[in-house]
Amino acid sequence: VQLQASGGGLAQVGGSLRLSCTASGHTDSSYVMGWFRQAPGKEREFVATIRWRDTMSYYEDSVKGRFTLSRDKAKNTVYLQMNSLKPEDTAVYYCAAGYRLITSSLRILRSYDYWGQGTLVTVSS
């Protein structure tokens, strides 16, 4: 599986951006695709993830109500709609994917086997 992320850029505080991640390769009902982010000087952290089979989504607490995941099954693409952006959302965002992740592992970085190249999101005040 190869992942191609896009959609980063510069936004104002309170603005919006939409990230996309397209997978090439096999996806099945056990597939999970998520987003992590890494701010300068910080560790990579979980943002959100979606289960392919039922679109059940999970979010990190600081983005709940502001970020929304969706997926286009035909395009093997997941979208992360980011609204009400804050300066602390500034980071490089990475999409990640894996198979057969159990619920308790969905927020754990090392659970994911495939990673995209990262896309920079900068929120300016």
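Everything that follows concerns the structure shown earlier in this document.
Residues numbered from 1 in each chain as written. Predicted model: local features only at pLDDT ≥ 70, side-chain atom pairs only at ≥ 80, totals over all residues. Heavy atoms only, no water.

Chemist: Before we go on, may I ask you to explain the packing of aromatic side chains in this structure?
Modeler: Within a pair of aromatic rings, the relevant descriptors are the distance that separates the centres and the angle that separates the planes. Counted according to the given criterion, the structure contains seven aromatic pairs. Judged by centre distance (5.2 Å) and plane angle (75°), the rings of phenylalanine 36 and tyrosine 112 are edge-to-face. In this pair, phenylalanine 36 sits in strand S4 (residues 31–38) while tyrosine 112 sits in the loop between strand S9 (91–99) and strand S10 (114–115), placing the two residues 76 residues apart along the sequence. Here phenylalanine 36 matches tyrosine 112 in class, with each residue buried. Under the relative-accessibility criterion, tyrosine 112 is labelled buried at 4%. Ring-pair connections join several aromatic residues into one group, and the members of that group are Tyr31, Trp52, Tyr99 and Tyr114. The ring centre of tryptophan 115 lies 5.1 Å from the NZ or CZ of arginine 44, which sits over that ring. (Phe/Tyr/Trp six-rings, centres within 6.5 Å; stacked < 30°, edge-to-face > 60°. Helix = DSSP H or I, 4+ residues; strand = E, 2+ residues; numbered from the N terminus. Buried < 20%, exposed > 50% of the residue type's maximum accessible area, 1.4 Å probe, protein only. Lys NZ or Arg CZ within 6 Å of the ring centre and 35° of its normal.)

Chemist: Any chance you could explain the state of the cysteines here in plain terms?
Modeler: Such a bond, covalent and formed between the sulfur atoms of two cysteines, is termed a disulfide. Under the defined criterion, the tally for this structure stands at one disulfide. Across a sulfur-sulfur distance of 2.2 Å, cysteine 21 and cysteine 95 are joined as a disulfide pair. Around the S-S axis, the bridge from cysteine 21 to cysteine 95 shows a dihedral of about 60° and counts as right-handed. Here cysteine 21 is found in strand S3 (residues 17–24), whereas its partner cysteine 95 is found in strand S9, with 74 residues between them in sequence. Given the relative accessible area of 0%, cysteine 95 is considered buried. (Disulfide = S-S within 2.5 Å.)

Chemist: Quick question: what am I supposed to make of the pairing of S9 here?
Modeler: Put simply, side chains in a regular strand alternate between the two faces of the sheet. In terms of residue burial, S9 counts as a mostly covered element, since eight of its nine residues are buried. When S9 meets strand S11 (residues 119–124), the two strands line up antiparallel, connected through three bridges. Bridge pairing links tyrosine 93 to threonine 119 in S11. Sheet topology places S9 next to S10; two bridges connect them, and they run antiparallel. Paired with alanine 96 across the bridge in S10 is tryptophan 115. (Pairing = 2+ DSSP bridges.)

Chemist: How do you make sense of the sheet that holds strand S7 (residues 67–72) when you look at a structure like this?
Modeler: Sheet strands pair via backbone hydrogen bonds, and the direction of the pair is either parallel or antiparallel. On the basis of which strands lie adjacent, the open sheet formed by four strands has the order S1-S3-S8-S7 and antiparallel pairing. Only two strands of the sheet have a single partner each, and these edge strands are strand S1 (2–6) and S7. This sheet shows a mean twist of 15° between the axes of neighbouring strands, independent of strand direction. Note: S3 against strand S8 (residues 77–82), six bridges, orientation antiparallel. The partner of arginine 18 across the bridge, within S8, is glutamine 81. (Axes fitted to C-alpha atoms, helices over the stretch in contact; angles between N-to-C directions.)

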